[in-house]
Amino acid sequence: MKRSFLFVAAVILLLVVAYAGRMVHRGFSTRSAPSAVESTLAMTLRDMAIPTRYKTMKNPVAVTPEVIHEGMAHWADHCATCHANNGSGDTMYGRTMYPRPPDIRKKDTQEMSDGELYYTIQNGIRLSGMPAFGGPGDNDLDSWKLVAFIRYLPLLSQSEQREMETMNPKSPQEIEEEREEENFLEGSPAPSPPQPNHHH
Amino acid sequence: MNRRVLITALLFACLSLFARAHGGMVHVMGTVTALSDISITVETTDKKTIEVALTDATTYENGSKPSTRKDLKIGARVVIHAVKVKDALQAHDVRFSEGTPASSH
């Protein structure tokens, strides 16, 4: 019994040392995406770490077009920088985060309960780019409205995405560039700066 | 000590500016000169020719209305937001209008 325990412990230790060695050898760059094993392990641990009561918790906010719109504005302002307006995660920051932000429209996220989504928004996720956006407690209405909007994301239309673009945080330079692009499409003479421009 | 803090703060400020300038979407603005199902060629407003790949995920807008690749015509004014993939550009979204070509100005 004792011998088999020692054997298992030695194997686990070896695996841990080998994995740590691989991590050090590979470096800590965020350019590559996590492996399937790493993702599965992290997702499993994250799911286990969410308190059980959140797994069955329903959104206390009645979902109306107004609530969806408020959640949309909140998302565009706070979340879209990493998650993108449409929830795909295809953004400048999202593309090279480790782990990458998930595509919120897909099954893995949409199958989470309302409470699990709320808990994740409120408490963030360690060792990822996801910060905690709220304090303790289950009554942050803004976060519950975000949960309602997350449920709506798979249905988001292109015109709603355009509307969200007007709500995204922008620098004065970006606002000016957008204005130039609009004017250009409406037929005004082209602006003088060279093309292409890099930004966001 | 204060100097070291100042230099560190400046370094971070420079790094964030660099990321904003080089890490995101490339904006291509000009007139469509060639078009296929997989790419679009644009003469930019400063007379350079740039080819941008089109993908199934590329979205299109004519004015402010959702549109399709088929509505896009040679000579249209276009603003493309593209992602740089290795040395090529891949269109994320294409906005266009059928107004006067930019090269006529």
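From a predicted model like this one, the values you see are computed outputs, not experimental measurements.

1. A closer look at the environment of Thr55(B)
Residues and elements named next belong to chain B. Among the secondary structure elements, Thr55 is positioned in the loop between strand 3 (49-53) and strand 4 (59-62). For the pair Thr55 and Gln90, spaced 35 residues apart in sequence, the C-alpha separation works out to 7.3 Å. Once residues within four sequence positions are removed from consideration, Thr55 is found in contact with Gln90 and Ala91.

2. Some words on the packing of helix 4 (residues 65-78) of chain A against helix 8 (residues 141-152) of chain A
Residues and elements named next belong to chain A. For the pair helix 4 and helix 8, the least separation of the axes is 8 Å and the interaxial angle reads 95°. Considered as vectors, helix 4 and helix 8 are oriented roughly perpendicular to each other. Contacts between helix 4 and helix 8 involve Val67, Ile68, Glu70, Gly71, Met72, His74 and Trp75 from the first element and Asp142, Lys145, Leu146, Ala148, Phe149 and Tyr152 from the second. In terms of residue class, the contact of helix 4 with helix 8 is made up of eight nonpolar, two polar and three charged.

3. Thoughts on helix 8 of chain A
Residue and element names in this part refer to chain A. Between its terminal C-alpha atoms helix 8 stretches 17 Å, which fits the 16 Å expected from twelve residues at 1.5 Å a residue. Of all twelve residues that make up helix 8, nine are buried, and the element is covered over most of its length. Taken as a whole, helix 8 has its buried residues at Ser143, Trp144, Lys145, Leu146, Val147, Ala148, Phe149, Ile150 and Tyr152. In this structure, the buried residues of helix 8 make contact with helix 4 and helix 7 (114-123).

4. Some details on the environment of Ala76(B)
Residues and elements named next belong to chain B. Positionally, Ala76 belongs in the loop between strand 5 (65-67) and strand 6 (77-85). By C-beta crowding, Ala76 is classed as buried, having 21 other C-beta atoms within 10 Å. Sequence-wise, Ala76 and Ser97 are 21 residues apart; in three dimensions their C-alpha atoms are separated by 5.8 Å. Setting aside residues no more than four positions away along its own chain, Ala76 makes contact with Val32, Phe96, Ser97 and Glu98.

5. Re the confidence of the model for chain B
Residue and element names in this part refer to chain B. For chain B, per-residue confidence averages 78 on the pLDDT scale, and residues scoring 70 or more make up 70% of the total. Note that pLDDT drops below 50 for residues 5-23; the model gives that stretch five contacts with residues more than four away or on any other chain. Model confidence for the complex is summarised by a pTM of 0.69, with the ipTM given as 0.70.

6. Here we look at the packing of helix 7 of chain A against helix 8 of chain A
Residues and elements named next belong to chain A. Between helix 7 and helix 8, the shortest axis-to-axis distance is 9 Å and the interhelical angle comes to 125°. When the axes of helix 7 and helix 8 are compared, the pair comes out oblique. Crossing of helix 7 against helix 8: the hand is right-handed. In this structure, helix 7 uses Asp114, Leu117, Tyr118, Ile121 and Gln122 to contact helix 8, whose residues at the interface are Ser143, Trp144, Leu146, Val147 and Ile150. The residue inventory of the contact of helix 7 with helix 8, partitioned by class, reads seven nonpolar, two polar and one charged.

What counts, and where the lines are drawn
- Residues numbered from 1 in each chain as written.
- Chains lettered and ligands numbered in written order.
- Predicted model: local features only at pLDDT ≥ 70, side-chain atom pairs only at ≥ 80, totals over all residues.
- Helix = DSSP H or I, 4+ residues; strand = E, 2+ residues; numbered from the N terminus.
- Contact = placed C-beta atoms within 7 Å.
- Axes fitted to C-alpha atoms, helices over the stretch in contact; angles between N-to-C directions.
- Parallel < 35°, antiparallel > 145°, perpendicular 65-115°, else oblique.
- Nonpolar A, V, L, I, M, F, W, Y, C, P; charged D, E, K, R; others polar.
- Expected span 1.5 Å × (residues − 1).
- Buried ≥ 20, exposed ≤ 12 C-beta atoms within 10 Å, placed from the backbone.
- pLDDT = per-residue confidence, 0-100.
- Left-handed = near helix turned anticlockwise from the far one by under 90°.

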